[in-house]
Amino acid sequence: MLNKDSAIGVFDSGIGGLTVLHQIIEALPRENTVYLGDTARAPYGTKSVETVLRYSFENSEFLIEKGVKIVVVACNTSTAIALSQLRDRFSIPVIGVIEPGVRRAIRSTRINKVGVIGTEATIQSGAYTHALKAANPAIEVYSRACPLFVPLVEEGWIDNDVVEMTAKAYLQGFKQSGVDTLILGCTHYPLLKKAIRRFLGGGVRLVDSAEETAKEVAIVLRRISVMRKNGKGTHSFFVTDAPDRFIKVGRRFLGEKVESAVRIER
Ligand code: DGL
């Protein structure tokens, strides 16, 4: 039986979803959370639709077996490919990161020109373009896959010469198309905000889907009357491989809250 003390379940292909968890904990400090990082099978961004669908179902099932009251799909790639099917399959609310990011981008743009960056699978799915156009058919969307950003962040390289060169190579086109808003459509990209902002300049607003998703979680919990009113939340972490690396890299995303992680079999 789901109740206020049931946890918020969050899954990602690995570590990056901790950016979303971080925002959820900031916005909802009383909530208990359960995080699953599918570290054995990451990255998802280069995988096929069938594979990402299967992994996303398995991750959601794991969290639901843990008794969560809501599933947050922190991974942009999983959201792009699997969200609607997850919603059809499961009876508890399933929240993705794309709709909240799109809503913010629509509010942000003054000239109806929005850029989107993400993994290859996310960009190829067209999910962001579709959602932006559905919200406002007049929006011009410019998108670009930036696959090298993920390993850079995992290496802890978030603001050095290599990041600067990579940002230049990937983002040059956005300067030419003149977007005024850029959606950071991948879990890892919020950590590169500084470098991205430096390259694009202050005239381009960066949309962090993680922040918007946390707000959406709060709205849904309130709506279905399962928001926790007292106490301080506890946080547990599960991974499908290499818990020690998860803890080490995870601290870069979430600080000391990542104390331990339990490895599950896949
Ligand atoms: N979590 C993925 C995303 O947000 C990035 C890493 C991966 O490719 O698995 O799309």
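Everything below is about the structure printed above this text.
Residues numbered from 1 in each chain as written. Predicted model: local features only at pLDDT ≥ 70, side-chain atom pairs only at ≥ 80, totals over all residues. Heavy atoms only, no water.

(A) Local environment of the nonpolar core. Core analysis: the largest hydrophobic core is formed by 55 residues, its most contacted members being L18, I117, F149 and I196. Ranked by residue count, the leading element in this core is helix α10 (residues 209-223), at 6 residues. Ranked by size, the runner-up nonpolar core spans 25 residues in total, among them F11, L53, F57 and V94. (Core = buried A, V, L, I, M, F, W, Y, C linked by side-chain atoms within 4.5 Å. Buried < 20%, exposed > 50% of the residue type's maximum accessible area, 1.4 Å probe, protein only. Helix = DSSP H or I, 4+ residues; strand = E, 2+ residues; numbered from the N terminus.)

(B) Molecular detail of the pairing of strand β5 (residues 113-118). The element β5 is largely enclosed, with a buried count of 5 among its 6 residues. As defined by bridge partners, β5 adjoins strand β6 (residues 140-145) across 6 bridges and the pair is classed as parallel. Its bridge partner lying in β6, G115 is registered against Y142. Bridging between β5 and strand β7 (residues 181-185) involves 5 bridges; their strand directions are parallel. Among the inter-strand pairings, V114 is bridged to a residue of β7, identified as T181. (Pairing = 2+ DSSP bridges.)

(C) Layout of the environment of R87. Inspection of the secondary structure assignment puts R87 in helix α3 (residues 76-89). You can call R87 partly exposed: its relative accessible area is 36%. The spacing of R87 and V71 is 16 residues in sequence and 9.8 Å in space, taken between C-alpha atoms. A distance of 3.2 Å separates a polar atom in the side chain of R87 from a polar atom in the side chain of E99. (Polar contact = N/O pair within 3.5 Å; in protein donor to acceptor, adjacent residues only side chain to side chain.)

(D) Quick peek at the sheet that holds β6. Strand order in this open sheet of 4 strands is β6-β5-β7-β8, and the pairing throughout is parallel. Here the strands that pair on one side only, and so sit at the sheet edges, are β6 and β8 (205-208). Adjacent strand axes in the sheet meet at a mean angle of 25° when their direction is disregarded. Relative to the sheet, α10 contacts β7 and β8, its axis offset from that of β8 by approximately 45°. (Axes fitted to C-alpha atoms, helices over the stretch in contact; angles between N-to-C directions. Contact = heavy atoms within 4.5 Å.)

(E) A look at the packing of aromatic side chains. Applying the stated criterion across every chain, the model contains 8 aromatic pairs. For the pair Y44 and Y55, a centre-to-centre distance of 5.3 Å together with 45° between the ring planes defines the contact as tilted. With Y44 in the loop between β2 (33-37) and α2 (49-65) and Y55 in helix α2, this pair connects stretches of sequence that are 11 residues apart. Neither Y44 nor Y55 differs from the other in exposure class; each is buried. Taken together through their ring pairs, the aromatic side chains of Y35, F237 and F246 make up a single cluster. Note that R89 overlies the ring of F57, its terminal NZ or CZ placed 3.9 Å from the centroid. Between K175 and the ring centre of F199, over which it is positioned, the NZ or CZ distance is 4.0 Å. (Phe/Tyr/Trp six-rings, centres within 6.5 Å; stacked < 30°, edge-to-face > 60°. Lys NZ or Arg CZ within 6 Å of the ring centre and 35° of its normal.)

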